[in-house]
2 protein chains.
Amino acid sequence: MASTTAARSWPSRPRNHTRQGAVHDTAGREAVSGPLVIAVDAMGGDQAPDVVIKGLALARDRHPEVHYRLYGDEGRVGPLLRAHRALEDVCTLHHTTEVVSSEDKPSQAVRGGRKSSLWLSINSVKQGEAAGVVSAGNTGAFMAMSKLIMRTLPGIDRPAIATVLPTLKGDCVMLDLGANAECDTKNLVDFAIMGEVFARTVLALDRPTVGLMNIGSEAGKGTDTEREAAARLSDSALPIDFYGFVEGDDLAKGTVDVIVTDGFTGNVMLKAVEGTAKLYAQFLRNAYSSSTLAKLGYMLSRPALEKVKARTDPRRYNGAMLLGLTGVAVKSHGGTDALGFANAVCVAIDLVRQGFNETIKGEFGKVHGPAPAPVAS
Amino acid sequence: MASTTAARSWPSRPRNHTRQGAVHDTAGREAVSGPLVIAVDAMGGDQAPDVVIKGLALARDRHPEVHYRLYGDEGRVGPLLRAHRALEDVCTLHHTTEVVSSEDKPSQAVRGGRKSSLWLSINSVKQGEAAGVVSAGNTGAFMAMSKLIMRTLPGIDRPAIATVLPTLKGDCVMLDLGANAECDTKNLVDFAIMGEVFARTVLALDRPTVGLMNIGSEAGKGTDTEREAAARLSDSALPIDFYGFVEGDDLAKGTVDVIVTDGFTGNVMLKAVEGTAKLYAQFLRNAYSSSTLAKLGYMLSRPALEKVKARTDPRRYNGAMLLGLTGVAVKSHGGTDALGFANAVCVAIDLVRQGFNETIKGEFGKVHGPAPAPVAS
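Just so we're clear, the structure is a prediction, and the values are computed from it rather than from any experiment. The residue count restarts for each chain, going from 1 along the sequence in the order it is written. Just so you know, chain letters begin at A and ligand numbers begin at 1, following the order they were written in. Two thresholds apply to this predicted model, a pLDDT of at least 70 for residue-level local features and 80 or more for giving and counting side-chain atom pairs, whereas whole-chain, interface and lining totals are computed over all residues. Working from all heavy atoms in the structure, the side-chain values ignore hydrogens and water.

### What to know about the interface of chain A and chain B
By a widespread convention, an interface's size corresponds to the accessible area lost as its parts come together.
Right, on to step 1. Across the contact, 49 residues belong to chain A and 49 residues belong to chain B.
Right, on to step 2. A pair is scored as a salt bridge if a Lys or Arg side-chain nitrogen falls within 4 Å of a carboxyl oxygen belonging to Asp or Glu. Between chain A and chain B we count two salt bridges in total.
Right, on to step 3. A total of 19 residues in the side of chain A that touches chain B trace back to one element, the largest contributor, which is helix α10 (residues 263-288) of chain A.
Right, on to step 4. Three categories are distinguished: nonpolar for Ala, Val, Leu, Ile, Met, Phe, Trp, Tyr, Cys and Pro, charged for Asp, Glu, Lys and Arg, and polar for the others, with Gly belonging to the last. Looking at the side of chain A that touches chain B, its residues break down into 26 nonpolar, 16 polar and seven charged. Throughout, a residue-residue contact means that at least one pair of heavy atoms, one from each residue, lies within 4.5 Å. Think of it this way: any DSSP run of H or I at least four residues long counts as a helix, any run of E at least two long counts as a strand, and we number them from the N terminus.

### Looking at the relation of the copies chain A and chain B
Right, on to step 1. The copies were overlaid by least squares, fitting only the C-alpha atoms of residues that reach a pLDDT of 70 or more in each copy. It takes a turn of 180° to lay chain A on chain B, together with a shift of 0.0 Å along the axis; the resulting RMSD is 0.0 Å. As the rotation angle and translation indicate, the two copies are arranged about a two-fold axis. The rotation axis passes nearest to the C-alpha of glycine 297 of chain A in chain A, at a distance of 1.9 Å.
Right, on to step 2. A shared binding surface is used by both copies, with 100% of the interface residues of chain A retained as interface residues in chain B.

### Some points on the environment of alanine 277 of chain B
Residues and elements named next belong to chain B.
Right, on to step 1. Along the chain, alanine 277 falls in helix α10 (residues 263-288).
Right, on to step 2. Burial here depends on accessible area, computed with a 1.4 Å probe over protein chains only, as a share of the maximum for the residue type. Under 20% is buried, over 50% is exposed, and the range in between is partly exposed. For alanine 277, a relative accessible area of 15% corresponds to the buried category.
Right, on to step 3. Counting along the chain gives 35 residues from alanine 277 to threonine 312, while the straight-line C-alpha distance between them is 8.5 Å.

### Here's the deal with the sheet that holds strand β1 (residues 37-41) of chain A
Strands pair in a sheet through their backbones, by hydrogen bonds, and they do so in one of two ways: parallel or antiparallel.
Residue and element names in this part refer to chain A.
Right, on to step 1. An order of β3-β2-β1-β4-β11-β10-β5-β6-β9-β7-β8 is seen for the 11 strands of this open sheet, with the pairing classed as mixed. Each edge of the open sheet carries a strand with a single partner, namely β3 (91-95) and β8 (241-246). Each neighbouring strand pair of the sheet contributes to a mean axis angle of 25°, computed without reference to strand direction.
Right, on to step 2. When DSSP locates at least two bridges between a pair of strands, those strands are taken to pair. When strand β7 (residues 209-213) meets strand β9 (residues 258-260), the two strands line up parallel, connected through three bridges. Bridging from a neighbouring strand, valine 210 pairs with valine 258 of β9.
Right, on to step 3. Set on the sheet, helix α1 (residues 50-62) makes contact with β1 and β2 (67-72); between it and β2 the angle comes to about 175°.
Right, on to step 4. Only the stretch in contact is used when fitting a helix axis, every axis being a line fitted to C-alpha atoms; angles between N-to-C directions are given from 0 to 180 degrees. Contacts between helix α2 (residues 74-82) and the sheet are confined to β2 and β3, with β3 contributing the most and set at about 165° to the helix.

### As for the sheet that holds strand β4 (residues 132-135) of chain B
All names here are of chain B.
Right, on to step 1. Pairing within the open sheet is mixed, and its 11 strands lie in the order β3-β2-β1-β4-β11-β10-β5-β6-β9-β7-β8. Across the chains shown, the open sheet's two edge strands, defined by having one partner strand only, are β3 (91-95) and β8 (241-246). In this sheet, adjacent strand axes meet at a mean angle of 25° when their direction is disregarded.
Right, on to step 2. Where strand β10 (residues 320-323) and strand β11 (residues 328-331) come together, two bridges link them in antiparallel fashion. If you follow methionine 321 over to β11, its bridge partner there is valine 330.

### Considering the pairing of β7 of chain A
All names here are of chain A.
Right, on to step 1. For β7, the buried fraction is high: five of the five residues fall into the buried class.
Right, on to step 2. Of the two faces of β7, both are covered, the one formed by Thr209, Gly211 and Met213 as well as the one formed by Val210 and Leu212.
Right, on to step 3. Across five bridges, β7 lies against β8 in parallel orientation. Each residue of the ladder has a partner; that of valine 210, found in β8, is phenylalanine 242.

### Points about the side chain of threonine 223 of chain A
Right, on to step 1. Considering the arrangement of structural elements, one finds threonine 223 of chain A in the loop between β7 and α8 (224-233).
Right, on to step 2. Exposure remark for threonine 223 of chain A: the relative accessible area of 10% places this residue in the buried category.
Right, on to step 3. In this view, threonine 223 of chain A contacts Ala181 and Glu182 of chain B; residues no more than four positions away in its chain are not counted.

### Describing the confidence of the model for chain A
Low pLDDT means the predicted coordinates in that region are not meant to be read closely.
All names here are of chain A.
Right, on to step 1. The quantity called pLDDT is the predictor's confidence in a given residue, expressed from 0 to 100. For chain A, per-residue confidence averages 86 on the pLDDT scale, and residues scoring 70 or more make up 87% of the total.
Right, on to step 2. A low-confidence stretch, residues 1-9 (pLDDT under 50), is modelled with 28 contacts involving residues beyond four sequence positions or located in other chains.
Right, on to step 3. Confidence over residues 11-32 falls short of pLDDT 50; this stretch has 46 contacts with residues more than four positions distant or in other chains.
Right, on to step 4. For this predicted complex, the interface confidence score (ipTM) comes to 0.85, while the overall pTM stands at 0.86.

Quick look at the structure:
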């Protein structure tokens, strides 16, 4: 795992054939050699642009060869950048004063925010100027703009929000976490393929197992959509090691490497898990500060407890990926700090480096035959 | 909160007008005074009948006036009962050797288990011989049999599984936790009313707030069903303090007293939360045993940590209630111990004592007008 000062980056087991130094355009072709470029919405998030710049500085420690296209107010970003000379050397700053606020509805943002830092940063991926985009801004606007600008990869109807979560056995990637409130059978099957590819290419797992969230493991439980999706995923023609149904507690147990669910269930589940983690942390803090003896006990156990904190630190899992679009798009929590933002940037870098989109196109080509005309998302 | 040896019982604030000593028949009329009787499936659960009998002995400490009708194999239950004389005095044992196994499908159990301890204990409520039933056995069979035997109260289409969970601010009751994989708008509204009545009558909260689970708090998010349910719940003619939409992390925050969701989402969420709690407990155990210093620190902090453990101990929240039927039905976790089973029994006792079903009938009468013909569930 990463040190406490640098951002965590996947994969945990480094791969030999990372395509370092290549820029991937939206069609996935490896361009003439040049640095990997990530577009960044410098104005998105509760403490932008400060946290953004500090986060990029941390990311640069880990990936010194990556370049960034920053979009935002020169008057505010410029001075911060100039205070980080090493980072300034790998950044280009593209000025705009227009921003999408956290209260803006997605439709408002899409209609009126064509000059916003959010729109411009996403659009630069479409234009082939960057391989991926990272923002900590308005989630709904980020998703709406990304889907509109970047479109889905061939064979995919809907993109899904995915993130990696800690489990008893390591990590698990879960999707969809909120991009689609309702999903049909094909959506779930697509998510399973995307999740499996992610686990294989980015987490470097040899044969990741895929589970489908359901209530009760008997085949008859849950809805028709789950049953049909399970039937399709069990088809041995699919390049997936399908475990079968899993239940809510299988996430923490680490029963499978990939968990697939509809966006409503996934979003509620993710937030409930995060809320429970915070609740327990609060209960523990209360306990430790409740008496002198307890405080003393805490000080003695502290080194051991810090490891737990590192293992479960949400900042090390910050960076939800919007999988299935023609470009890499990663959304950071709005309230994260520099370490968390740096993690989100590293997630984007890894997705590009490990050729996630290229592999997805290959897999969907195999599963669905020759790529059909791109579906408007 | 309860001591560590006795089971926890609601309400946390005792009410003056508990109808102690009354038996409530299935029509809700208070019978001629006599002890409150609870039917118990003595053979349900991983360690039945041992855990059942020990659990009842603990429950008796808390509620010495309650009587029990036990259903199970006299050859196995009898000796255990005779080892608990005080308990034996308040029990009648009804012999049957037939049991529903944990592998039986609900439909199989319903068809072939008419002489099982599970069926007979539920049926005794229907017959007016007991006011409520408790089982730690096969959940699917318990639900199927309860719905078939007891039917829903007037105005209610579907019963819901509800349980109380710990939050930062106290407790929260959540439903549906798995009785209905798919719900329509009326189901969600019904659940809201039932949850509010529970919080008011059993948890003794003056004006409980009710939240509807959704993804994102913007009105436009989620599905039509959520939006329509929210619209109906906002109607001031309904006797509900409707907070609005809540998200997954609002459970732990204790934002509202009652959370309503469909059974699929609720089940996944509940299990995910339980899984996360176990994960954290495991991480902490690993940390505390990782070094001598950490062990020493644990010993010093232990009294404070034991309070956290008590606050979050799943045994103190054991006992999922099937709300909306003509009788009280409570399902204990199959793997619980005596303390957990005792808690489930106390939940049933409280539901009967606080007149939950009677209040529900009154509320639904107000909301839907004169009670329609009972709907077959």
